[in-house]
Amino acid sequence: MIYRLRKKFIKICTLSFIGVFLVLFFSIYLSTSWQTASSLDTLADIVSDNDGSFPDYHELEAGGNPNAMPSGVNLESPFTTRFFTVRFLASGQLSSVDIRSVASVTREEAVQYATAVLQGEQERGWMGDFRYKRYNTEKGTAVVFVNGANMKEANQNFLFAASAVFIGGSLVVLLLVVLVSKRAVKPAAESYEKQRQFITDANHELKTPLTLIRTNLDIMESEIGANEWLSDIREETGMMAELVNRLVTLARMDEKQTKPDVRPFNLSEALNEMVSAFSSAIESQRKELQVHIPPSVIYTGDEAAVRQMVSILMDNAVKYCDAKGVICVTLHEGKHPVLTFDNTYAAVGKIELNRLFDRFYRADKARLYGDGFGIGLSIAKAIAEKQHGTITAWKIGEDAIRFQVKL
């Protein structure tokens, strides 16, 4: 029990750290990408406003306050900004190519870049490592390209360093989580163990008085004869014994040490036998039973547990099937067989399907005491999980419900 709680605790912490890392990583990535594009757009605006060349810094501040200069622009900007400009006439003919401020691009490459931009419709965007701006001139159209390779590389290095620091820190934190997880889940494990032990002890303590009550009932009936009061006591005693047995069954299934008796068996035959056991009750209640079970489906698992699970689901279907309703049992063969139990139930829209497998939950509050304890489906779920399978329930249309077991 402690091992499973520790495993879940560590898993939750790990997923939480991964989630935080992804959120931070993409937040930083989007922020740096936006800042890079914004800075390069500012430089492209300066070049385009100066007819394709970068003005001297003193020319930029000549008309106003130096503190009002665009963000990222300083005395070194005219010398560190790498850009080139390609101009076209209104007819679309190449007018001029200015690559004096860049060394990594040839005249032919500059023309190719600009031609590709003119074929599109965007005013700004990326062309490789260059951020471009398309603008109109007196003679036609021009495109200025500002080199952003250095900024991109700096952003990548920053992201790599931030990721390395975060991953390293996460590994340290997760190591601490692993070390303290046993102590963290210990109170919950102890509480659960006490609850399980209480159920086991209660079973032993209740068996003796229940046995005595039944024995005394037999003696009284032999002396004074059967009557309705003794019959009621016997019925209630039987229900109490059944409840205790089911609680013990659940407690034992929760123990990790309890391993199922796994071996190959004929699932089709077992399913047919268990369904047939309910055919008389279904017929007496004037309900219809439909069975679709292919022959000789072999499954490797705990046959006794699977039979018990089928019995629980069949009992549930019979109890909650509407008058003159239909119960349909289907087996889908394959590597992982799938069992479905369908039954008509007009009130399916009023029940909480997500709580059907909770212990002591009863979908129909109007049913009388004696119809069940509300733990049968919990046992069915525990059996399915012991077989490394799943069990789910959902509505079919407006008046039917389906229980599906994937083994």
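Scroll up a little and you will see the structure.
Residues numbered from 1 in each chain as written. Predicted model: local features only at pLDDT ≥ 70, side-chain atom pairs only at ≥ 80, totals over all residues. Heavy atoms only, no water.

A. Geometry of the packing of aromatic side chains. For the coordinates displayed, the defined rule picks out twelve aromatic pairs. When the ring of Tyr 132 is compared with that of Phe 145, the centres are 6.1 Å apart and the planes differ by 50°; the resulting orientation is tilted. With a gap of 13 residues between them, Tyr 132 in strand β4 (residues 130–136) and Phe 145 in strand β5 (residues 140–147) connect regions that are remote in the sequence. By the burial criterion, Tyr 132 is buried, and Phe 145 matches it. Through a chain of ring-to-ring contacts, the aromatic side chains of Phe 84, Tyr 113, Phe 130, Tyr 132 and Phe 145 assemble into a single cluster. Its guanidinium or amino end placed over the ring of Trp 126, Lys 152 lies 4.2 Å from that ring's centre, counting from NZ or CZ. (Phe/Tyr/Trp six-rings, centres within 6.5 Å; stacked < 30°, edge-to-face > 60°. Helix = DSSP H or I, 4+ residues; strand = E, 2+ residues; numbered from the N terminus. Buried < 20%, exposed > 50% of the residue type's maximum accessible area, 1.4 Å probe, protein only. Lys NZ or Arg CZ within 6 Å of the ring centre and 35° of its normal.)

B. Inspection of the pairing of strand β1 (residues 83–89) at higher detail. Of all seven residues in β1, six are buried; the element is thus mostly enclosed. Two strands pair when backbone bridges link them, and β1 and β5 are joined in this way by seven bridges, in the antiparallel orientation. Counterpart to Phe 84 in the pairing with β5 is Phe 145. Summarising the sheet, β1 and strand β2 (residues 94–98) pair through four bridges and their orientation is antiparallel. Opposite Val 86, over in β2, you have Val 97 as the bridge partner. Connecting β1 to the antiparallel partner β2 that follows it, the hairpin turn spans four residues, and Gly 92 within it adopts a positive phi of roughly 95°. (Pairing = 2+ DSSP bridges.)

C. Quick peek at a nonpolar patch on the surface. A surface patch of nonpolar side chains, amounting to about 600 Å² of accessible area, comprises Leu 15, Ile 18, Leu 22, Phe 26, Tyr 29 and Leu 30. Locating Leu 22 in the fold gives a position in helix α1 (residues 2–49). (Patch = residues over 30% accessible without salt bridge, like charges linked within 9 Å, V, L, I, M, F, W, Y side chains within 5 Å. Areas by Shrake-Rupley, 256 points an atom, 1.4 Å probe, with all protein chains shown as cover. Salt bridge = Lys/Arg side-chain N within 4 Å of Asp/Glu carboxyl O.)

D. Quick peek at the sheet that holds strand β3 (residues 124–127). The five strands are arranged β2-β1-β5-β4-β3 in an open sheet whose pairing can be described as antiparallel. Single-partner strands in this sheet number two, and they are β2 and β3. Mean inter-strand twist for the sheet, computed between neighbouring axes without regard to direction, equals 20°. (Axes fitted to C-alpha atoms, helices over the stretch in contact; angles between N-to-C directions.)

E. Inspection of the nonpolar core at higher detail. One finds Leu 267, Leu 271, Met 309, Leu 313, Leu 339, Phe 341 and Phe 403 to be the most contacted residues of the largest nonpolar core, which totals 43 residues. Those elements giving two or more residues to this core turn out to be α7 (267–276), α9 (303–320), β9 (326–332), β10 (338–344), α10 (376–386), β11 (390–396) and β12 (400–406). Excluding residues that lie within four positions of it along the chain, Phe 341 makes contacts with Leu 271, Val 310, Leu 313, Met 314, Cys 328, Val 329, Ile 401, Arg 402 and Phe 403. One finds Phe 84, Val 86, Val 117 and Tyr 132 within the second-largest nonpolar core, a separate group that totals 14 residues. (Core = buried A, V, L, I, M, F, W, Y, C linked by side-chain atoms within 4.5 Å. Contact = heavy atoms within 4.5 Å.)

F. Local environment of a positive patch on the surface. Together, Arg 4, Lys 7, Lys 8 and Lys 11 make up a region of like positive charge exposed at the surface. For Lys 8, the location among the structural elements is in helix α1. Given the relative accessible area of 57%, Lys 8 is considered exposed. (Lys, Arg positive; Asp, Glu negative; His and termini not counted. Charge placed at Lys NZ, Arg CZ, Asp CG, Glu CD.)

G. Examining the sheet that holds β12 more closely. As summarised here, the arrangement of the five strands in space is β7-β9-β10-β12-β11, forming an open sheet in which the pairing is mixed. Looking along the sheet, the strands with just one partner apiece sit at the ends: β7 (288–292) and β11. The sheet shows a mean angle of 15° between the axes of neighbouring strands, taken without regard to direction. As defined by bridge partners, β10 adjoins β12 across seven bridges and the pair is classed as antiparallel. Each bridged residue has a counterpart across the sheet, and for Phe 341 the counterpart in β12 is Phe 403. Across the sheet, α9 is in contact with β9, β10, β11 and β12; its angle to β10 comes to roughly 15°.

H. Focus on the environment of Glu 269. Structurally, Glu 269 is set in helix α7. Glu 269 sits in the partly exposed class, given a relative accessible area of 45%. Glu 269 sits 27 residues away from Ser 296 along the chain, and the two C-alpha atoms are 7.2 Å apart.

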